[in-house]
Amino acid sequence: MAEYTKPLPEITPESRPFWQGCKRHQFLVQRCRACGARQHYPRGVCASCWSQDLEWLPSSGRATVYSFTVTHRTQARGFRDELPYVLAWVELEEGVQVLTNLVGCDPATLAIGMPVRVTFEDVNADVSIPRFTPA
Amino acid sequence: MRSAVIAGVYEFPERTTTRSVLEIQALSARAALADAGLAPKDVNGYFTVGTNPGVGPLATVDYLNLHPTYIDGTTIGGSSFVAHVNHAAAAIAEGRCRVALITYGSTARSSGIAVGTRERIAGEYVDQFEGLYGISTVGLYALVAQRHMHVFGTTSAQLAEIAVACRRHAGLNPVALYREPITVDDVVKSPMISSPLHLLDCCVITDGGGAVVVVHPDLARDLRTPPVRLLASAEAIAHTSAGHRDYLVSAAAETGPRAFAEAGVTHDDIDTAMIYDSFTITVLMTLEDLGFCKKGEGGRFVEGGRLQLGGALPINTDGGGLSSNHPGMRGIFLVVEAVKQLRGECGDRQVKDCRVALVHGTGGTLGTRHSGATLILGRA
């Protein structure tokens with residue numbers, strides 16, 4: 001396997017369940033048991049009511065493209081060697097937006113609103129990176 | 001109206017310099033105080049960003065040998081210095097200081113910092129969710145531009161009108177970085193950086209700096225220049241909202257209504273507007289969200305030279321970040337240029353009978369989290 005030169009996540013105790021989910025190829029979404037709000041990115045408190053009583057739900061991994069940009073010039077590690085690439089916001093069926101890359105597609109065919117699904121790149125023993133690809 | 005006035009301003013004119021970040025600020029502070037007719041010993045409030053350099057105010061206060069009774073290192077991106085004016089006015093009204101000095105300096109260009117395309121990772125918690133995907137400043141604004149086009153039918157040619165207006169104004173500013181006129185065609189045919197934003201949709205990278213002096217109105221009668229009144233100021237942060245955000249609404253939608261209500265003026269009263277132009281889309285979104293036109297109508301609003309001198313709403317008369325200077329955080333220049341316009345000091349680029357000016361700074365990125373800070377300023 002080629003060396004992975006893009007940035008890796010610095011996993012913290014509050015985010016570890018999310019990254020463990022990615023390892024199992026599940027994209028987890030947090031839900032607050034106190035108020036029912038769902039959130040992404042995951043964090044130690046509910047962003048709506050600041051309760052700490054959060055649970056992790058497996059998402060369907062299905063989403064639609066909220067917006068995207070085809071990047072032709074960047075200094076970002078790993079990406080500057082793979083131009084062009086696609087940065088995107090997608091919206092999961094569970095109702096939260098996720099910043100990600102769109103992969104496995106011709107950038108010219110992309111459109112806002114198109115259906116996509118999560119895919120994982122197994123980078124090392126601890127990390128699988130979620131990205132999205134046309135459904 | 002706030003009980004504070006802007007008494008002195010200065011923009012460091014060099015676009016590439018051998019001077020240090022601290023020296024740029026010292027020269028700017030000296031010139032802004034001289035502009036006001038005040039001396040370094042008069043300063044008792046000090047404001048700068050926390051990254052400027054190191055721990056921010058500590059380094060500059062030490063270098064300038066100041067002894068402020070009020071210190072503020074608010075760091076919310078490029079709008080920081082606009083927010084500093086708001087904070088200085090509050091501190092003056094509260095009696096915490098009488099002469100507030102705001103300074104900025106940067107050597108982004110001579111240090112070779114690719115402000116727009118470098119990896120945008122700040123050592124924050126969210127890096128582990130966002131920093132993995134090749135994010136850059138331009139990319140995170142491009143996401144908003146793409147969606148604006150999709151939802152409202154905005155075109156690249158319409159965004160280009162903003163760059164053309166700024167360039168025309170830069171041609172009237174002897175110290176602007178780029179002064180040759182450009183056309184809409186030049187912009188839309190310039191290299192794509194991050195779709196749909198082209199090279200000429202993006203601000204320049206320069207060195208630079210400046211200073212602003214805000215004082216108690218009681219001091220105004222002794223000033224060298226007519227003081228500029230602070231009619232209103234407002235600030236806000238718009239963010240990812242835990243994954244439930246409408247990215248087509250910026251922080252200006254919060255600050256605009258508050259600022260107009262406080263100033264008691266209408267949009268028709270604004271003679272010129274200095275709108276942070278990191279990218280063309282930043283200006284379009286800001287104009288909509290401040291209420292100069294309806295949401296979604298920004299594309300048509302900016303057509304036909306409306307934003308150029310002689311048009312209904314001339315913006316960024318110095319050439320803005322798109323053509324004059326952008327050292328990374330250019331909010332201070334918005335204030336400097338607005339004050340010069342209100343004093344009638346802008347020469348070839350002077351807005352006729354300029355009585356009321358609006359300033360809006362945007363810091364951070366529209367595509368994740370950003371700050372907005374609005375000022376409405378009036379001629380004495």
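Since the structure is predicted, the reported quantities are computational estimates derived from the model, not experimental observations. (Residues numbered from 1 in each chain as written. Chains lettered and ligands numbered in written order. Predicted model: local features only at pLDDT ≥ 70, side-chain atom pairs only at ≥ 80, totals over all residues.)

Brief notes about the overall build of chain B
Quick reminder of the rule: Runs of H or I in DSSP of at least four residues are treated as helices and runs of E of at least two as strands, each being numbered from the N terminus. What the globule rule says is 2.2 Å times the number of residues to the power 0.38, and the radius of gyration is computed from C-alpha atoms. A residue is called partly exposed when the number of other C-beta atoms within 10 Å of its own lies between 12 and 20, exposed at 12 or fewer, and buried at 20 or more, with C-beta atoms placed from the backbone. This entry defines residue contacts through backbone-placed C-beta atoms, with two residues in contact when those atoms are within 7 Å.
Helix and strand counts for chain B stand at 12 helices and 11 strands. For 380 residues, the compact-globule formula gives about 21 Å, and the C-alpha radius of gyration of chain B, at 19 Å, lands near that figure. Referenced to the eigenvectors of the C-alpha coordinate spread, the extents of chain B come out at roughly 55 × 45 × 40 Å. When the 380 residues of chain B are sorted by exposure, 63% land in the buried category. Here the analysis covers contacts within chain B between residues at least 6 apart in sequence; of these, 77% occur between residues at least 24 apart.

Regarding the overall build of chain A
In terms of helices and strands, chain A carries 1 helix and 8 strands. Moving toward the C terminus, one meets the helices and strands of chain A in the order α-β-β-β-β-β-β-β-β. For 135 residues, the compact-globule estimate of 2.2 N^0.38 gives 14 Å, and chain A sits close to it at 15 Å. Out of the 135 residues in chain A, the part that is buried amounts to 37%.

Notes on the domain arrangement of chain B
Residues and elements named next belong to chain B. Our working rule: For the domain bounds, the source is a domain assignment made automatically or taken from a database. When residue character is reported, Ala, Val, Leu, Ile, Met, Phe, Trp, Tyr, Cys and Pro are called nonpolar, Asp, Glu, Lys and Arg charged, and the others, Gly included, polar.
Each assigned domain of chain B is listed here: domain 1 (5-111 + 207-226) and domain 2 (135-202 + 232-378). The element contributing the most residues to the side of domain 1 that touches domain 2 is helix 3 (residues 80-93), with 7 residues. Partitioning the side of domain 1 that touches domain 2 into residue classes produces 16 nonpolar, 10 polar and 3 charged.

Some remarks on the sheet that holds strand 3 (residues 54-58) of chain A
Strand-to-strand pairing in sheets goes through backbone hydrogen bonds, with the strands running parallel or antiparallel. Residues and elements named next belong to chain A. Applicable threshold: At least two DSSP bridges between two strands are needed for those strands to be called paired.
The 3 strands are arranged 2-1-3 in an open sheet whose pairing can be described as antiparallel. At either end of the open sheet lies a strand with only one pairing partner, and these are strand 2 (38-39) and strand 3. Alignment of strand 1 (residues 28-32) against strand 3, held across 5 bridges, turns out to be antiparallel. Bridged to Val-29 within strand 3 is Leu-57.

A look at the interface of chain A and chain B
Taken together, the contact between chain A and chain B spans 34 residues of the former and 32 residues of the latter. Secondary-structure elements contributing two or more residues to the side of chain A that touches chain B are strand 4 (62-71), strand 5 (85-92) and strand 6 (97-102) of chain A. Among the elements that line the side of chain A that touches chain B, the one with the most residues is strand 4 of chain A, at 6 residues. Here the side of chain A that touches chain B is composed, by residue class, of 17 nonpolar, 13 polar and 4 charged.

What about helix 1 (residues 21-36) of chain B?
Because an α-helix completes one turn every 3.6 residues, residues spaced three or four positions apart along the sequence face the same direction. Residue and element names in this part refer to chain B. For clarity, the cut-off: Expected span of a helix, by definition, is 1.5 Å for each gap between consecutive residues, and there is one gap fewer than residues.
Between its terminal C-alpha atoms helix 1 stretches 23 Å, which fits the 22 Å expected from 16 residues at 1.5 Å a residue. When we look at burial in helix 1, the residues that qualify are Val-21, Ile-24, Gln-25, Ala-26, Leu-27, Ser-28, Ala-29, Ala-32, Leu-33, Asp-35 and Ala-36. Against the buried residues of helix 1 lie strand 1 (5-11), helix 2 (57-64), strand 4 (99-106) and strand 7 (208-215). The positive-phi residue at the C-terminal boundary of helix 1 is Gly-37, with phi of around 85 degrees.

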